[in-house]
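# Structural characterization, general
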Amino acid sequence: MDLRYPIGEYEPAPFSEALKEERLADIKFLPGLLEQAIENLDEAQLNTPYRDGGWTIKQVVHHVSDSHLNALSRLKFTLTEDNPTVMGYDEASWAETAEYTLLPVNISLTMIHTIHAKLHALFSSLTTEQWKRTYVHSQSKKQFDLWYLLGMYAWHGKHHVAHITSLRERKGW
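The rules behind the values
- Residues numbered from 1 in each chain as written.
- Predicted model: local features only at pLDDT ≥ 70, side-chain atom pairs only at ≥ 80, totals over all residues.
- Heavy atoms only, no water.
- Helix = DSSP H or I, 4+ residues; strand = E, 2+ residues; numbered from the N terminus.
- Buried < 20%, exposed > 50% of the residue type's maximum accessible area, 1.4 Å probe, protein only.
- Axes fitted to C-alpha atoms, helices over the stretch in contact; angles between N-to-C directions.
- Parallel < 35°, antiparallel > 145°, perpendicular 65-115°, else oblique.
- Left-handed = near helix turned anticlockwise from the far one by under 90°.
- Contact = heavy atoms within 4.5 Å.
- Nonpolar A, V, L, I, M, F, W, Y, C, P; charged D, E, K, R; others polar.

It is worth spelling out unusual backbone geometry at this point. For Asn40, which is not glycine, the phi dihedral falls at a positive 65 degrees. Mapped onto the fold, Asn40 is located in the loop between helix 1 (17–38) and helix 2 (43–46). Classification of Asn40 as exposed rests on a relative accessible area of 70%. Residues other than glycine seldom take positive phi values, yet Lys141 does so here, at roughly 65 degrees. What makes Lys141 exposed here is its relative accessible area of 64%.

The next thing to look at is the packing of helix 3 (residues 57–80) against helix 6 (residues 105–125). As a packed pair, helix 3 and helix 6 sit with axes 9 Å apart at the nearest point and diverge in direction by 30 degrees. Looking at the two axes, helix 3 sits roughly parallel to helix 6. Between helix 3 and helix 6 lies a crossing whose hand is left-handed. In this structure, helix 3 contributes Lys58, Val61, His62, Val64, Ser65, His68, Leu69, Ala71, Leu72, Leu75, Lys76 and Leu79 to the contact, and helix 6 contributes Val105, Ser108, Leu109, Met111, Ile112, Ile115, His116, Lys118, Leu119, Leu122 and Phe123. Among the residues making up the contact of helix 3 with helix 6, the classes are represented as 15 nonpolar, five polar and three charged.

Rendered as structure tokens:
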């Protein structure tokens, strides 16, 4: 297994109602799954990288909060503007900012609960036409639609939960 991608890389799929419901459930339930993944871990365990050269569990949790906040912003810009350019960011540099080590993971878990409630409400409310609304990513210069955004972030949450749960399995935590 590639420890970087314990559930595999994201693979876009065509729109279907069944897949939409599955992805909406992924968005809805991620905060609880992430909480379960870190339950009863002590500070030393939270500061353990999920793989050699990878982020610590603490950094992963803070990253999910930052990343999914960006997803919420991208969703709202795309719903309110015509084909906006959305900002990318240097995830590795963000993971080195002070709050990733200074603040407890509870801060980001609270944000994730809030962000996901908003993401779920907005994604659930989209019409057939709104799923086709697009944005351009500032770094890749590629155009994406909201169906892709939902899929990417449904996968992204599970991807990082699997980083934590696979480390716990390997370590016997």
